[in-house]
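The residues making up each chain are set out below.
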Amino acid sequence: MASQANMDTLPWRSKYKVGECPTAAFAVACHHRLHTPMYFFLLNLALLDLGCISTTLPKAMANALWDTRAISYQGCAVQVLFLVFFFDAEFSLLTVMSYDRYVAICKPLHYGSLVGSRACAQMAAAAWGSGFLNAVLHTATTFSLPLCHGNAVDQFFCEIPHILKLSCSDAYLREVWAILFSILLAFGCFVFIVLSYVQIFRAVLRMPSSQGRHKAFSTCLPHLVVTSLMISTSIFAYLKPLSLSSPSLDLVVTVLYTVVPPVANPLIYSLRNRELRDSIRTLLEYTHLQ
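Attention in this report is confined to the structure presented alongside it.

Rules and cut-offs
- Here the residue numbers are simple positions, counted from 1 along each chain's written sequence.
- Only residues with pLDDT of at least 70 get local features here, since the model is predicted, and only at 80 or more are side-chain atom pairs given and counted; chain-wide, interface and lining totals rely on the full set of residues.
- Heavy atoms throughout the structure, all of them, feed into the side-chain values; hydrogens and water do not.
- Only runs of H or I of at least four residues qualify as helices and only runs of E of at least two qualify as strands under DSSP, and these elements are numbered from the N terminus.
- Between buried and exposed lies partly exposed: a residue is buried under 20% and exposed over 50% of the maximum accessible area for its type, with that area taken using a 1.4 Å probe on protein chains only.
- The contact definition used throughout considers only heavy atoms, calling two residues in contact when any of these lie within 4.5 Å.
- Surface exposure here means Shrake-Rupley accessible area, sampled with a 1.4 Å probe, where a residue is shielded only by the protein chains that are shown.
- Here a salt bridge means any side-chain nitrogen of Lys or Arg lying within 4 Å of a carboxyl oxygen belonging to Asp or Glu.
- We define the nonpolar core as a collection of buried residues of types Ala, Val, Leu, Ile, Met, Phe, Trp, Tyr and Cys that are connected through side-chain atoms lying within 4.5 Å of one another.
- Multiplying 1.5 Å by the residue count of a helix minus one yields the expected span of that helix.
- A residue's bend is given by the angle between axes fitted to the 7 residues ending at it and the 7 residues starting at it.
- Whenever two N or O atoms come within 3.5 Å, that pair is a polar contact, provided that in protein one can donate a hydrogen and the other can accept it, and provided that, for residues adjacent in sequence, both atoms are side-chain atoms.
- We call a pair of cysteine sulfur atoms a disulfide when they lie within 2.5 Å.
- To define axes, lines are fitted to C-alpha atoms, for helices over the stretch in contact only, and angles between the resulting N-to-C directions are given on a 0 to 180 degree scale.
- Take the far helix as your reference; a near helix turned counterclockwise from it by less than a right angle gives a left-handed crossing, and one turned clockwise gives a right-handed crossing.
- Ten residues, namely Ala, Val, Leu, Ile, Met, Phe, Trp, Tyr, Cys and Pro, are considered nonpolar, four, namely Asp, Glu, Lys and Arg, are considered charged, and the remaining ones, Gly among them, are considered polar.
- Any angle from 65 to 115 degrees is called roughly perpendicular, while one under 35 is roughly parallel, one over 145 is roughly antiparallel, and all others are oblique.
- Note on aromatic pairs: the rings of Phe, Tyr and Trp (six-membered ring only in Trp) are paired at centre separations within 6.5 Å, and the planes decide the class, stacked below 30 degrees, edge-to-face beyond 60, tilted for the rest.

## Describing the overall build of the protein
Each helix and strand in the protein was counted, giving 11 helices and three strands. Ordered by position in the sequence, the α and β elements of the protein form the string β-α-α-β-α-α-α-β-α-α-α-α-α-α. Looking at the protein as a whole, 44% of its 290 residues are labelled buried. Looking at the protein alone, contacts between residues at least 24 apart form 77% of all its contacts between residues at least 6 apart. Taken as a whole, the protein presents about 15,200 Å² of accessible surface, with 67% of it coming from carbon and sulfur.

Structure follows, in structure tokens:
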């Protein structure tokens, strides 16, 4: 790749609305009654969502503002590194959160010992660490390839599949194998999430109280929606039929899976969680008074 890579930019109507992410993170960090395992994982999720948005949109908006479509080779590599890191870490964290819900509902008497503060820190560190290692693997493999099919990336940010199209060497198969390995890991996480919720639903349906069933479902619904949104948008982006592929559709689909889930996640959790919603309101009122 030459020193400059062309990038499509987002239309201005795609505003950078990420205020919900840092607000949710501050609300969890500042209110002691939210210092529980579930909210600890929500804090990590909000930080990862903020990272996902901050990796792509600021550069795209700057390009639109300055009427340019360029990014340096090093900037492209950094963007790929952080994007893969945040997305992989987020999916790993969602897997951990399904385990948290499983223990809370299926093994409530053992919740304190199985999901204590130390275990939470270890699981969160494992999610962040696995995402970083996977990101380093993909970035090193992708940017070690010789590129000879121009330097134009048909996207508003640097993305591995589009960079591989520029490769002129069979060495790109190394990155293909790395992608297949990541897909297998993601599939393993997906199976774990599904099995966790099978056990959760079985436990909930055995509850004698309708109020208990409603409360259990309400605590799981935001996680289910967030996980389904992330998986469905990613599957549609990468597994859609080639007959449907076009530059404009690819741009819309990319925005769908890179922007919509991170922006929607804090809204989904805050709308369904009264404690988090009240804490955010209190934080905003305090900030306004200052």
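Structure shown, so let's carry the discussion forward.
## A look at the pattern of salt bridges
Oppositely charged side chains can form a pair if their charged atoms are brought close together. The tally for this structure, following the rule as stated, stands at one salt bridge. Across the pair Arg101 and Asp100 runs a salt bridge whose closest N-O atoms are separated by 2.9 Å. We note that Arg101, like Asp100, is buried.

## Description of the nonpolar core
In this structure, Phe41 and Met97 are the most contacted members of the largest nonpolar core, which totals 55 residues. Broken down by secondary-structure element, the contributors of at least two residues to this core are α2 (37–65), α3 (73–106), α5 (117–142), α6 (160–164), α7 (172–205), α8 (210–239), α9 (247–258) and α10 (260–272). The element that contributes the greatest number of residues to this core is α3, accounting for 16 residues. Here Met97 is in contact with Phe41, Leu42, Leu45, His223 and Tyr269, once residues within four sequence places are set aside.

## A look at α8
Between its first and last C-alpha, α8 extends 40 Å over 30 residues, near the 44 Å set by a 1.5 Å rise per residue. Along its length, α8 reaches its greatest deviation from straightness, about 35 degrees, at Cys220, and the proline Pro222 lies no more than four positions downstream. Those residues of α8 that fall on the buried side of the exposure criterion are Ala216, Ser218, Cys220, Pro222, His223, Val226, Thr227, Met230, Ile231, Thr233 and Ala237. The N-terminus of α8 is capped by Ser209, whose side-chain oxygen sits 3.2 Å from the backbone nitrogen of Gln211.

## Considerations on α2
For α2, with 29 residues, the first-to-last C-alpha span of 42 Å sits near the 42 Å given by 1.5 Å per residue. Along α2, the sharpest kink reaches roughly 35 degrees, centred on Ser54 and followed within four residues by the proline Pro58. Where α2 ends, the next residue or the one after it, Asp67, has phi of about 55 degrees, a positive value.

## With respect to the state of the cysteines
The bond known as a disulfide is covalent and runs between the sulfur atoms of two cysteines. In total, this model carries one disulfide according to the counting rule given. A sulfur-sulfur separation of 2.1 Å characterises the disulfide bridge that pairs Cys76 with Cys158. Taking the sign of the torsion about the S-S bond as the criterion, the disulfide between Cys76 and Cys158, at about -130 degrees, is left-handed. On the criterion of sequence distance, the pair formed by Cys76 in helix α3 and Cys158 in the loop between β3 (152–153) and α6 is long-range, its members being 82 residues apart. In terms of burial, Cys76 and Cys158 fall into one category: buried.

## A look at the side chain of His223
One can find His223 in helix α8. His223 sits in the buried class, given a relative accessible area of 1%. Within the local environment of His223, its side chain forms a polar contact with the backbone oxygen of Leu94, the two atoms lying 2.7 Å apart.

## Details of the packing of α3 against α5
One can describe the packing of α3 onto α5 by two numbers: an axis separation of 7 Å at closest approach and a directional angle of 145 degrees. Of the two possible hands of crossing, α3 and α5 adopt the one that is right-handed. Two secondary-structure elements touch here, α3 through Ala77, Val80, Leu81, Val84, Phe85, Phe86, Asp88, Ala89, Ser92, Leu93, Val96 and Tyr99 and α5 through Met123, Ala127, Trp128, Ser130, Gly131, Phe132, Asn134, Ala135, Val136, His138 and Thr139. The residue makeup of the contact of α3 with α5, split by class, is 16 nonpolar, six polar and one charged.

## Things to note about the packing of α3 against α8
At a minimum axis distance of 11 Å, the contact between α3 and α8 shows a crossing angle of 160 degrees. Taken together, the axis directions place α3 and α8 in an arrangement best described as roughly antiparallel. As α3 packs across α8, the resulting crossing turns out to be left-handed. Residues Phe87, Glu90, Phe91, Leu94, Met97, Ser98, Arg101 and Ile105 of α3 pack against Ala216, Thr219, Cys220, His223, Val226, Thr227, Met230 and Ile231 of α8. Among the residues forming the contact of α3 with α8, the class breakdown is 10 nonpolar, four polar and two charged.

## Quick word on the packing of aromatic side chains
Applying the stated criterion across every chain, the model contains nine aromatic pairs. Centroid distance Phe201 to Phe217: 5.7 Å. Interplanar angle 40 degrees. Geometry classified as tilted. Linking Phe201 in helix α7 with Phe217 in helix α8, this pair joins segments that are 16 residues apart in sequence. Residue Phe217 is classed as partly exposed on the basis of its relative accessible area, which comes to 32%. Three or more aromatic residues joined by ring pairs make a cluster, and in this case those are Phe82, Phe85, Phe86, Trp128 and Phe132.

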